[in-house]
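Structural characterization, general
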Amino acid sequence: MMIGRRTVVCGVLGLLAGSRAASAAPVPEDSVRTRADEPMARAVVVLVVLTDPRRGASAFPDGDVEAIAAELRRVYQVEVRRIAARPLPRSAYYAPRRRYRADTLLTHLAGEIPAELPARTRIVGLTTSDISTSKDNFKDWGVFGLGEVGGTAAMVSNFRLKKKARDAAHATARVVNTAVHELGHVLGLDHCEEPNCVMLDAQGGIRNTDASTGVPGPGCLAELDREVPLRPLAELLARATSAPAQ
Ligand SMILES: [Zn+2]
Ligand SMILES: [Zn+2]
């Protein structure tokens, strides 16, 4: 399952859009419907909270889950389905740093997609626990998120995002932006060089971050249309049940 996977370790600052990010709206509402008013979508995306059995009742804020769902729908025109929270798998726990390995979580998440959903359904896991991956010479590098480029799963953690946030709204804006960025990877987008694009990797600088709109730029949107084009939602959902049972 790990063979061929390509994840992108996102520059820490690249994920931090300002709180104004959510207000930019280059994606017109009517783009999600055809002239016949038929609902369209690119893909089905499952949102799931992974709770930490080691940290008691610490749950991902429900308001943030809803904000993420709304923004993923708006930005990517995906069909978002929430499923009930479940515990972080013990297999992903990295005891030396008391956090969870994001790569292991991505593999785990792929198995959490409900069987009745279409074959290419994606999944985004949300957690309050710290997550990490390997980066360059660092065996265990803490990250805000990890997404599998053109794959199935992404993880987002608010552990680091909320630490230096000005207030709750700022923390929410950051976590929403991170989810948009990581799902962008899953939908096939790599880091780009477009000014203000949500897929920018700030590479340690703050300038790109402050200028981010929180949405993909024209280049990434064109790439998105090539990788995961809009199609009628009914057709997308029908694929789950019309597949022959073998
Ligand atoms: Zn990234
Ligand atoms: Zn871009």
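Look up a bit, the structure's there.
Presented here is an overview of the structure given in this document. (Residues numbered from 1 in each chain as written. Chains lettered and ligands numbered in written order. Predicted model: local features only at pLDDT ≥ 70, side-chain atom pairs only at ≥ 80, totals over all residues. Heavy atoms only, no water.)

Applying the stated criterion across every chain, the model contains 13 salt bridges. Residue E66 is joined to R82 by a salt bridge in which the shortest nitrogen-to-oxygen separation is 2.6 Å. One end of the pair, E66, is in helix α1 (residues 62-76); the other, R82, is in strand β4 (residues 79-82), and 16 residues separate them in sequence. By relative accessible area, which is 38% here, E66 ends up partly exposed. Residue R82 is classed as partly exposed on the basis of its relative accessible area of 37%. (Salt bridge = Lys/Arg side-chain N within 4 Å of Asp/Glu carboxyl O. Helix = DSSP H or I, 4+ residues; strand = E, 2+ residues; numbered from the N terminus. Buried < 20%, exposed > 50% of the residue type's maximum accessible area, 1.4 Å probe, protein only.)

With that settled, consider the environment of S129. Checked against the element boundaries, S129 lands in the loop between β8 (122-127) and β9 (131-135). Residue classification places S129 among the buried positions, given a relative accessible area of 3%. Each C-alpha atom, one on S129 and one on R54, is 9.6 Å from the other, the two residues being 75 residues apart in sequence. In contact with S129, other than residues within four places in its own chain, are D52, R55, L88, Y100, S157 and F159. (Contact = heavy atoms within 4.5 Å.)

This part is about the nonpolar core. Of all hydrophobic cores here, the largest spans 36 residues; its most connected members are L47, I68, L72, Y76, V78, L126 and L183. If you list the elements that add at least two residues to this core, you get β3 (44-51), α1, β8, β12 (153-157), α3 (168-186) and α5 (218-227). Setting aside anything within four residues of it in sequence, one finds Y76 in contact with R42, E71, V180, L183, G184, L187, V198, M199, P216 and L224. (Core = buried A, V, L, I, M, F, W, Y, C linked by side-chain atoms within 4.5 Å.)

We now examine the coordination of the zinc ion (ligand 2). Of the protein atoms, only C192 (SG), E194 (OE), C197 (SG) and C220 (SG) coordinate the zinc ion (ligand 2), at distances of 2.1 to 2.3 Å. One can describe the donor arrangement at the zinc ion (ligand 2) as tetrahedral, given that its four donor atoms subtend angles of 101 to 123 degrees at the metal. In primary sequence terms, the donor set of the zinc ion (ligand 2) follows C-x1-E-x2-C-x22-C. Within this pair, whereas E194 is found in the loop between α3 and α4 (207-211), its partner C220 is found in helix α5, the two being separated by 26 residues in sequence. (Donors = N, O, S within 2.8 Å, 3.2 Å for Na, K, Ca; no water. Tetrahedral: all angles 85-135°; square planar, octahedral: opposite > 155°, others 65-115°.)

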